[in-house]
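Residue strings, one per chain:
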Amino acid sequence: MTNKTIDINESTIKKYVESLRPENLEIRKQVDIGYSYDGKVVILFEIRPDWNDQKKKQQFDFAKIRHYKSRKEWNLYWRRASGKWEIYEPFPESTHLEKIIEIIKEDKHSCFFG
(Lines give C-alpha, C1' and ligand atoms only; values in the text may rest on other atoms or scores of the structure.)
Protein backbone atom coordinates (compact mmCIF):
# COMPACT_ATOMS: atom_id res chain seq x y z
CA MET A 1 0.00 0.00 0.00
CA THR A 2 1.36 3.43 -0.92
CA ASN A 3 0.83 6.54 1.13
CA LYS A 4 -0.44 9.42 -0.94
CA THR A 5 -0.31 12.96 0.37
CA ILE A 6 -3.25 15.09 -0.64
CA ASP A 7 -2.38 18.70 -1.42
CA ILE A 8 -5.37 20.71 -0.18
CA ASN A 9 -4.37 23.65 -2.39
CA GLU A 10 -4.35 21.55 -5.54
CA SER A 11 -7.65 20.02 -4.50
CA THR A 12 -9.14 23.52 -4.18
CA ILE A 13 -7.77 24.55 -7.59
CA LYS A 14 -8.96 21.36 -9.25
CA LYS A 15 -12.47 21.80 -7.84
CA TYR A 16 -12.61 25.37 -9.18
CA VAL A 17 -11.33 24.40 -12.64
CA GLU A 18 -13.85 21.54 -12.83
CA SER A 19 -16.64 24.04 -12.08
CA LEU A 20 -15.56 26.11 -15.11
CA ARG A 21 -15.31 23.24 -17.59
CA PRO A 22 -18.26 22.66 -19.95
CA GLU A 23 -20.18 19.47 -19.15
CA ASN A 24 -20.82 18.67 -22.81
CA LEU A 25 -17.85 16.77 -24.28
CA GLU A 26 -18.46 18.22 -27.75
CA ILE A 27 -18.17 21.74 -26.38
CA ARG A 28 -14.98 20.77 -24.52
CA LYS A 29 -13.42 19.94 -27.88
CA GLN A 30 -13.89 23.60 -28.85
CA VAL A 31 -13.14 25.31 -25.52
CA ASP A 32 -11.96 23.87 -22.23
CA ILE A 33 -10.24 25.06 -19.07
CA GLY A 34 -7.12 23.61 -17.48
CA TYR A 35 -4.43 24.39 -14.95
CA SER A 36 -0.85 23.69 -14.02
CA TYR A 37 0.43 23.66 -10.45
CA ASP A 38 3.97 23.06 -9.20
CA GLY A 39 3.41 23.62 -5.49
CA LYS A 40 4.12 27.36 -5.70
CA VAL A 41 2.58 28.67 -8.90
CA VAL A 42 -0.84 28.00 -10.39
CA ILE A 43 -1.54 28.90 -14.02
CA LEU A 44 -5.16 28.82 -15.20
CA PHE A 45 -5.62 28.56 -18.95
CA GLU A 46 -8.15 28.16 -21.71
CA ILE A 47 -7.67 25.31 -24.20
CA ARG A 48 -8.81 25.77 -27.80
CA PRO A 49 -8.02 24.17 -31.15
CA ASP A 50 -5.59 26.07 -33.34
CA TRP A 51 -7.59 28.11 -35.87
CA ASN A 52 -5.28 26.94 -38.65
CA ASP A 53 -5.08 23.25 -37.66
CA GLN A 54 -8.00 21.89 -35.63
CA LYS A 55 -5.96 18.86 -34.55
CA LYS A 56 -3.52 21.05 -32.58
CA LYS A 57 -4.50 22.53 -29.22
CA GLN A 58 -3.44 25.92 -27.91
CA GLN A 59 -3.33 27.16 -24.33
CA PHE A 60 -4.15 30.74 -23.42
CA ASP A 61 -3.12 31.64 -19.87
CA PHE A 62 -5.53 33.99 -18.12
CA ALA A 63 -4.62 33.93 -14.41
CA LYS A 64 -1.55 33.20 -12.31
CA ILE A 65 -1.57 32.62 -8.57
CA ARG A 66 1.74 32.46 -6.74
CA HIS A 67 2.29 31.30 -3.16
CA TYR A 68 5.01 32.97 -1.11
CA LYS A 69 5.76 30.61 1.76
CA SER A 70 7.91 33.13 3.66
CA ARG A 71 5.06 35.69 3.70
CA LYS A 72 2.30 33.05 3.95
CA GLU A 73 0.34 34.71 1.18
CA TRP A 74 -0.99 34.14 -2.32
CA ASN A 75 -0.55 36.78 -5.03
CA LEU A 76 -2.87 37.13 -8.00
CA TYR A 77 -1.72 38.15 -11.51
CA TRP A 78 -3.52 38.72 -14.79
CA ARG A 79 -2.10 38.51 -18.29
CA ARG A 80 -1.98 41.66 -20.38
CA ALA A 81 -2.46 41.61 -24.17
CA SER A 82 1.33 42.07 -24.43
CA GLY A 83 1.75 38.67 -22.75
CA LYS A 84 3.25 40.14 -19.56
CA TRP A 85 1.92 39.13 -16.16
CA GLU A 86 0.80 42.01 -13.97
CA ILE A 87 -0.25 42.01 -10.34
CA TYR A 88 -4.03 42.31 -10.04
CA GLU A 89 -4.16 45.68 -8.27
CA PRO A 90 -7.75 45.71 -7.02
CA PHE A 91 -6.96 42.65 -4.88
CA PRO A 92 -3.29 41.63 -5.21
CA GLU A 93 -2.86 39.20 -2.30
CA SER A 94 -4.57 37.07 0.31
CA THR A 95 -3.58 34.57 2.96
CA HIS A 96 -6.34 32.26 1.67
CA LEU A 97 -6.37 30.61 -1.76
CA GLU A 98 -10.17 30.42 -1.66
CA LYS A 99 -10.40 34.23 -1.51
CA ILE A 100 -8.16 34.56 -4.57
CA ILE A 101 -10.42 32.14 -6.44
CA GLU A 102 -13.47 34.20 -5.44
CA ILE A 103 -11.82 37.32 -6.92
CA ILE A 104 -11.20 35.47 -10.20
CA LYS A 105 -14.83 34.27 -10.23
CA GLU A 106 -16.14 37.81 -9.71
CA ASP A 107 -13.80 39.28 -12.37
CA LYS A 108 -15.12 42.79 -11.68
CA HIS A 109 -12.65 44.39 -14.12
CA SER A 110 -12.93 41.74 -16.88
CA CYS A 111 -9.25 40.87 -16.66
CA PHE A 112 -9.67 37.10 -16.57
CA PHE A 113 -12.69 36.24 -18.69
CA GLY A 114 -12.94 39.38 -20.83
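- The protein appears in an unreviewed UniProt entry as DUF3024 domain-containing protein from Gelidibacter maritimus.

**Quick notes on the overall build of the protein**
(1) Moving on: A count of helical and extended segments in the protein gives three helices and six strands.
(2) Moving on: Counted from the first residue to the last, the protein has its helices and strands arranged as α-α-β-β-β-β-β-β-α.
(3) Moving on: Dimensions of the protein along its principal axes, counting C-alpha atoms only, are 45 × 45 × 20 Å.
(4) Moving on: Burial statistics for the protein: of 114 residues in total, 32% are counted as buried.
(5) Moving on: When the accessible surface of the protein is split by element, carbon and sulfur atoms take 49% of a total near 8100 Å².
(6) Moving on: Between the mean site of the 22 positive side-chain charges and the mean site of the 19 negative ones, the protein shows a separation of 3 Å.

**Thoughts on the environment of Ile47**
(1) Moving on: Examined against the element boundaries, Ile47 turns out to sit in strand β2 (residues 41–49).
(2) Moving on: Sequence separation between Ile47 and Lys57 is 10 residues; the distance between their C-alpha atoms is 6.6 Å.
(3) Moving on: Leaving out residues up to four positions away in the same chain, Ile47 has contacts with Gln30, Val31, Asp32, Ile33, Gly34, Lys57, Gln58 and Gln59.

**A word on the environment of Lys105**
(1) Moving on: As for its placement among the helices and strands, Lys105 is situated in helix α3 (residues 97–106).
(2) Moving on: Residue classification places Lys105 among the partly exposed residues on the basis of a relative accessible area of 46%.
(3) Moving on: When the C-alpha positions of Lys105 and Glu93 are compared, they lie 15 Å apart, and in sequence the two are 12 residues distant.

**Some words on the packing of aromatic side chains**
(1) Moving on: Taken as a whole and judged by the stated rule, the model has two aromatic pairs.
(2) Moving on: Relative to Phe113, the ring of Phe62 lies with its centre 5.1 Å away and its plane at 45°, an arrangement referred to as tilted. Of the two residues, Phe62 sits in strand β3 (residues 57–68) while Phe113 sits in the segment after α3, which places them 51 residues apart along the sequence.
(3) Moving on: The interplanar angle of 45° and the centroid separation of 5.0 Å between the aromatic rings of Tyr88 and Phe112 together place this pair among those described as tilted. Of this pair, Tyr88 sits in the loop between β5 (85–87) and β6 (93–94) while Phe112 sits in the segment after α3, and the two are 24 residues apart along the sequence.
(4) Moving on: Lying across the ring of Tyr68, Arg71 places its NZ or CZ 4.0 Å from the centre.

**A look at the side chain of Lys64**
(1) Moving on: Note that Lys64 resides in strand β3.
(2) Moving on: Buried and unpaired, Lys64 has no salt bridge, with Asp61 as the nearest side chain of opposite charge at 8.6 Å.
(3) Moving on: With near-sequence residues (within four places) excluded, Lys64 lies in contact with Val41, Val42, Ile43, Asn75, Leu76, Tyr77 and Trp85.

What counts as what
Here the residue index of a chain counts from 1 through its sequence in written order. Where totals are concerned, whole chains, interfaces and linings use all residues; where local detail is concerned, this predicted model gives features only for residues with pLDDT of at least 70, and gives and counts side-chain atom pairs only at 80 or more. Neither water nor hydrogens contribute to the side-chain values; these are computed over all heavy atoms in the structure. Helix and strand assignments follow DSSP, with helices taken as H or I runs no shorter than four residues and strands as E runs no shorter than two, numbered in order from the N terminus. Accessible area is worked out with a 1.4 Å probe on protein chains only. A residue is then buried under 20% of its type maximum, exposed over 50%, and partly exposed in between. Computed with a 1.4 Å probe, the accessible areas rest on the Shrake-Rupley method; for each residue, only the protein chains presented here act as cover. When charges are counted, Lys and Arg contribute as positive and Asp and Glu as negative, whereas His and the chain ends are disregarded. Every charge is mapped to an atom, namely NZ of Lys, CZ of Arg, CG of Asp or CD of Glu. Two residues qualify as a contact provided that any one of their heavy atoms is within 4.5 Å of a heavy atom in the partner residue. Working definition: rings of Phe, Tyr and Trp (its six-membered ring) pair if their centres are within 6.5 Å, and the pair is stacked with planes under 30 degrees apart, edge-to-face with planes over 60 apart, and tilted otherwise. Either the NZ atom of lysine or the CZ atom of arginine qualifies as a charge over a ring when it sits within 6 Å of the ring centre and within 35 degrees of the ring normal. In the sections that follow, a salt bridge refers to a side-chain nitrogen of Lys or Arg positioned within 4 Å of a carboxyl oxygen of Asp or Glu.

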